[in-house]
Amino acid sequence: MGPGGSQEAEYTLKASVPAGNYHVICDAIVIRPVDVTFHLIWRRGATDTVLGTWDKHFDPNADGTFAAQAYELDVPAQAIDFVDGDQLVFRYSGANTTAMMAFIPNGDGHIAGGRIPNITLPR
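Residues numbered from 1 in each chain as written. Predicted model: local features only at pLDDT ≥ 70, side-chain atom pairs only at ≥ 80, totals over all residues. Heavy atoms only, no water.

### Remarks on the pairing of strand 7 (residues 87-95)
Item 1. Sheet analysis places strand 1 (residues 6-12) next to strand 7, joined by 7 bridges and oriented antiparallel. Opposite Y11, over in strand 7, you have L88 as the bridge partner.
Item 2. Relative to strand 7, strand 4 (residues 34-44) runs antiparallel, the two sharing 9 bridges. Following the sheet pairing, I41 is matched in strand 7 by V89. (Pairing = 2+ DSSP bridges. Helix = DSSP H or I, 4+ residues; strand = E, 2+ residues; numbered from the N terminus.)

### Focus on the layout of surface pockets
Item 1. Quantified by volume, the largest pocket comes out at close to 190 Å³.
Item 2. Surrounding the largest pocket, A9, E10, Y11, V24, I25, L88, V89, F90, P117, N118, I119 and L121 form its lining.
Item 3. Listed by contribution, the elements that provide at least two residues to the lining of the largest pocket are strand 1, strand 2 (20-25), strand 7 and strand 9 (118-120).
Item 4. Split into classes, the residues belonging to the lining of the largest pocket amount to 10 nonpolar, 1 polar and 1 charged. (1 Å grid on protein atoms, 1.4 Å probe; cavity = no way out; pocket = protein on both sides within 12 Å on 5 of 7 lines; lining within 4 Å. Points joined across faces, edges and corners; volume = space filled by probe spheres on them. Nonpolar A, V, L, I, M, F, W, Y, C, P; charged D, E, K, R; others polar.)

### Description of the pairing of strand 2
Item 1. Summarising the sheet, strand 2 and strand 6 (residues 72-77) pair through 6 bridges and their orientation is antiparallel. In the strand pairing of strand 6, V24 is matched with L73.
Item 2. With 3 bridges connecting them, strand 2 and strand 9 associate as antiparallel partners. When the bridges of strand 9 are listed, I25 appears paired with N118.

### Some points on the pattern of salt bridges
Item 1. Taken as a whole and assessed by the stated rule, the structure comprises 7 salt bridges.
Item 2. In this structure, the salt-bridge partner of E8 is R43, at a minimum N-O distance of 3.2 Å. Taken as a pair, E8 in strand 1 and R43 in strand 4 lie far apart in primary sequence, 35 residues in all.
Item 3. For R43, a relative accessible area of 16% translates into the label buried.
Item 4. Of the charged contacts, one joins R44 and D86 as a salt bridge, the two residues approaching to 2.8 Å between their closest N and O atoms. In this pair, R44 sits in strand 4 while D86 sits in the loop between strand 6 and strand 7, placing the two residues 42 residues apart along the sequence.
Item 5. Taking relative accessible area as the criterion, R44 reaches 33% and is therefore assigned partly exposed.
Item 6. Of the residues examined, D86 reaches a relative accessible area of 1% and is grouped as buried. (Salt bridge = Lys/Arg side-chain N within 4 Å of Asp/Glu carboxyl O. Buried < 20%, exposed > 50% of the residue type's maximum accessible area, 1.4 Å probe, protein only.)

### Overview of the sheet that holds strand 9
Item 1. Across the sheet, which stays open at both edges, the 3 strands sit in the order 6-2-9 with antiparallel pairing between neighbours. A strand with exactly one partner marks an edge of an open sheet, and here the two such strands are strand 6 and strand 9. Here the strands of the sheet are splayed against their neighbours by 25° on average, with no regard to which way each runs. (Axes fitted to C-alpha atoms, helices over the stretch in contact; angles between N-to-C directions.)

Dropping the structure here:
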C-alpha cells in the first residue's frame, strides 16, 4: 500500500464486544519510508463507527533486507453492542512515500521473520 491508497480487512462479528483494549499485531515488510494511518471500525450496514485511529512512521530495515518488522499495540475502544451482520474493520492507508507498495502487512508469518497480522478483542 502506498500514497493515497488504503486497504481494509473485514471480520463479521459473532457477539458483542466489551469496552477495553484491542490488541493489534501488524508486523509488516517496509519497502520505502511511509506514514501509515490505522483505523479500527465497527461497521453496521452503511454506518461506520471509528473505534480507534493512530499513525505510525515506518522506515525500511537499515540492512536493506525485506524481513518483517514487529509492530503491536493496544488500542482502547468502546463496546460493540452486536447486531447480526456487524463487522469489525481494520483499515490502513499510506502517505508521504515514493512507492506504491511501501507497507505490506506480513502475510508470510515466520517465513518473513514476523507474525501474521491479527487483532485480539477485549474480553
